[in-house]
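Letter by letter, the chains look like this.
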Amino acid sequence: MTTKHEQILQYIQNLPIGDKISVRQIAKELGVSEGTAYRAIKDAENKGFVSTIERVGTIRIEQKRKENIERLTFAEIVNIVDGQVLGGKSGLHKTLNKFVIGAMEVEAMMRYTEAGNLLIVGNRMKAQKSALQRGAAVLITGGFDTGDDVKKLADELELPIISTSYDTFTVATLINRAIFDQLIKKEILLVEDILIPIEQTYYLKVNEPIQKWYELNEKYRHTRFPVVTDDLKVEGMVTSKDVISEDRTRPLEKVMTKQPITVTLKTSVATASHIMIWEGIELLPVVDEQNRLLGIISRQDVLKSLQTIQRQPHVGETIENLIFNHLHKKETTDGVDVSYEFDVTPQMTNQHGTISYGVLTSTIIESVHRLFRTQKKGEIVVESMSVYYLKPVQIDNDITIQPNILEIGRKFGKVDVEVVSKGMIAAKALIMVQFLDR
């Protein structure tokens, strides 16, 4: 039985690309309240099915696959630059492949302007019309309007012509920033990237006897299985510990662990790994919004994927990537102690010109990560951390980070860290970590 929310999402997904929708229209056509329709449209926007533009409305757009996530639609451009659509609204769902800044003669501009491009230009109507005729959309900077004939041409060709109050440099910066942010999102590993789908997942039904667990265990050599209802809603998990010494005729719902921890397709793999460590879980069910089983992920798959992603080249670098690139192992004379050097660049400081708290803690944690890798301990998760500032570290200074292992066990480690600047201790930290089992 599908919910009203699901029915609306299905309705939106079945609409042709480029169609406009509204809360009132969906409420009327599907016989639901406007509140229900509004929530479903917002969910569809989060999933990338639609894009909502002020003064235009909500448009059905093509959902992006992860490999094409950095490509923006013209609807997204309107929102990025706080733009106003002057014409060609029916083409807002289209994707641009390149943007061109028009800062030259019209003939020279057109040599660089092709179909699917976005020409960023001021109040130069000849250039705007020429770009539309070549199959490119137009973004007018400086808040200028354009002629009625240009708007009419944009409508005929279904190519958006957008006006923004920002100048050309600001617009180019905003679009570049948006693409860069999308690249970072593209690199974040999600559960959907490592999912074992439902077709390959072994699961049990709540009304089945314990004997069924033994049959699956003997056939596939697994010991953990999700337990679901007839409509695949996850009700529990059952493991060897739950069924041992139990009567094999008892129903699974009597011995299973109820309300198990689950994750969704959009949960990050890093988050899933934390859950598995804290809870001591080897397998997690993956569910949809209605808690229906979509598949599973295992601890082995999570660890393997995290190790693989660390070896990939980073295209869209985060602040942490930049920090880690400045952290280098320091050569020691005794060859015993491991320490790291770090240079404090201007972008890593606060408003007072000293190293920011976030940069310092990230650097300390990364030094501990690297220390345990030298101990062949693999991945770690920080359980607790106490940092004590003793002396501010100024811009352009170099610091030395000296992590010292106080305790190390099979699952836990305790590290004392000293941060030294100009021969004096600038900060100290005490960190407790857990190891992610190999």
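Bear in mind that the values here come from a model prediction, so they are computed numbers and not experimental data.

**Some points on the packing of helix α1 (residues 4-13) against helix α3 (residues 34-47)**
So, point 1. Two elements in contact, α1 and α3, have axes whose closest approach is 9 Å; the angle formed by their N-to-C orientations is 55 degrees. Overall, the two elements α1 and α3 adopt an arrangement that is oblique. Crossing geometry of α1 relative to α3 is assigned as right-handed. Contact with α1, carried on its side by K4, H5, I8, L9 and I12, involves T36, A37, R39, A40, I41, D43, A44 and K47 of α3 and no other residues of that element.
So, point 2. Its residues assigned to classes, the contact of α1 with α3 shows 7 nonpolar, 2 polar and 4 charged.

**Here we look at the UniProt feature "domain: CBS" (unreviewed entry) in the chain**
So, point 1. Sites flagged by UniProt as "domain: CBS" (unreviewed entry) map to residues 195-254 and 256-318.
So, point 2. The distance from the first to the last C-alpha atom of residues 195-254 is 28 Å, and the span holds 25% helix and 22% strand.

**Thoughts on the packing of helix α2 (residues 23-30) against α3**
So, point 1. Look at α2 against α3: their axes get within 8 Å of each other, and the N-to-C directions meet at 120 degrees. Between α2 and α3 lies a crossing of right-handed hand. Contact residues: α2 offers V23, R24, I26 and A27, while α3 offers E34, A37, Y38 and I41.
So, point 2. Residue composition of the contact of α2 with α3, grouped by class: 6 nonpolar, no polar and 2 charged.

**Some points on the sheet that holds strand β2 (residues 50-53)**
So, point 1. Read from one edge to the other, the open sheet built from 3 strands follows the order β1-β3-β2, with strand pairing classed as antiparallel. Edge positions in the sheet fall to β1 (20-21) and β2, since each of these pairs with one other strand and no more.
So, point 2. Sheet topology places β1 next to strand β3 (residues 57-60); 2 bridges connect them, and they run antiparallel. When the bridges of β3 are listed, K20 appears paired with I59.

**Quick word on the pairing of strand β14 (residues 283-287)**
A regular strand places its side chains on the two faces of the sheet in alternate fashion.
So, point 1. The buried fraction of β14 is high, at 5 of 5 residues.
So, point 2. Covered by surrounding structure in β14 are L283, P285 and V287 together with L284 and V286, the residues of both alternating faces.
So, point 3. Of the pairings in the sheet, the one linking β14 to strand β15 (residues 293-298) comprises 5 bridges and is antiparallel in character. In the strand pairing of β15, P285 is matched with I296.
So, point 4. Taken together, β14 and the strand that follows it, β15, pair antiparallel across an intervening segment of 5 residues, in which N291 is found at a positive phi of about 65 degrees.

**Comments concerning unusual backbone geometry**
So, point 1. The backbone of L232 sits at a positive phi, close to 70 degrees, despite the residue not being glycine.
So, point 2. In this structure, L232 sits in the loop between β11 (225-228) and β12 (234-238).
So, point 3. A relative accessible area of 24% places L232 in the partly exposed class.
So, point 4. In this structure, K422 is a non-glycine residue whose phi angle is positive, near 55 degrees.
So, point 5. With respect to the helices and strands, the residue K422 is situated in the loop between β20 (412-421) and β21 (424-435).
So, point 6. By relative accessible area, which is 67% here, K422 ends up exposed.

**Details of helix α12 (residues 269-279)**
So, point 1. If you check which residues of α12 are buried, you get V269, A272, S273, I275, M276 and I277.
So, point 2. One or two residues past the end of α12 sits G280, with phi positive at roughly 65 degrees.

**Topic: the pattern of salt bridges**
So, point 1. Summed over all chains, the structure comprises 17 salt bridges.
So, point 2. A salt bridge links E192 to K266, with the shortest nitrogen-to-oxygen separation between them at 2.9 Å. Here the residue E192 occupies a position in helix α9 (residues 191-194), and K266 occupies one in the loop between β13 (257-258) and α12, the gap between them amounting to 74 residues.
So, point 3. Owing to a relative accessible area of 30%, E192 belongs among the partly exposed residues under this scheme.
So, point 4. Ionic contacts of the salt-bridge type, sharing partners, join the residues E6, D288 and R292 into one network.

**A look at the sheet that holds β11**
So, point 1. In spatial order, the strands read β10-β11-β12-β13; together these 4 strands make up an open sheet with mixed pairing. Whereas interior strands pair on both sides, the edge strands pair on one side only; in this sheet they are β10 (204-205) and β13.
So, point 2. Here 2 bridges tie β10 to β11, and the two strands are oriented parallel to one another. Each residue of the ladder has a partner; that of L204, found in β11, is V227.

What counts and how
- Residues numbered from 1 in each chain as written.
- Predicted model: local features only at pLDDT ≥ 70, side-chain atom pairs only at ≥ 80, totals over all residues.
- Heavy atoms only, no water.
- Axes fitted to C-alpha atoms, helices over the stretch in contact; angles between N-to-C directions.
- Helix = DSSP H or I, 4+ residues; strand = E, 2+ residues; numbered from the N terminus.
- Parallel < 35°, antiparallel > 145°, perpendicular 65-115°, else oblique.
- Left-handed = near helix turned anticlockwise from the far one by under 90°.
- Contact = heavy atoms within 4.5 Å.
- Nonpolar A, V, L, I, M, F, W, Y, C, P; charged D, E, K, R; others polar.
- UniProt positions renumbered as here; feature names shortened; annotations may be inferred.
- Pairing = 2+ DSSP bridges.
- Buried < 20%, exposed > 50% of the residue type's maximum accessible area, 1.4 Å probe, protein only.
- Salt bridge = Lys/Arg side-chain N within 4 Å of Asp/Glu carboxyl O.

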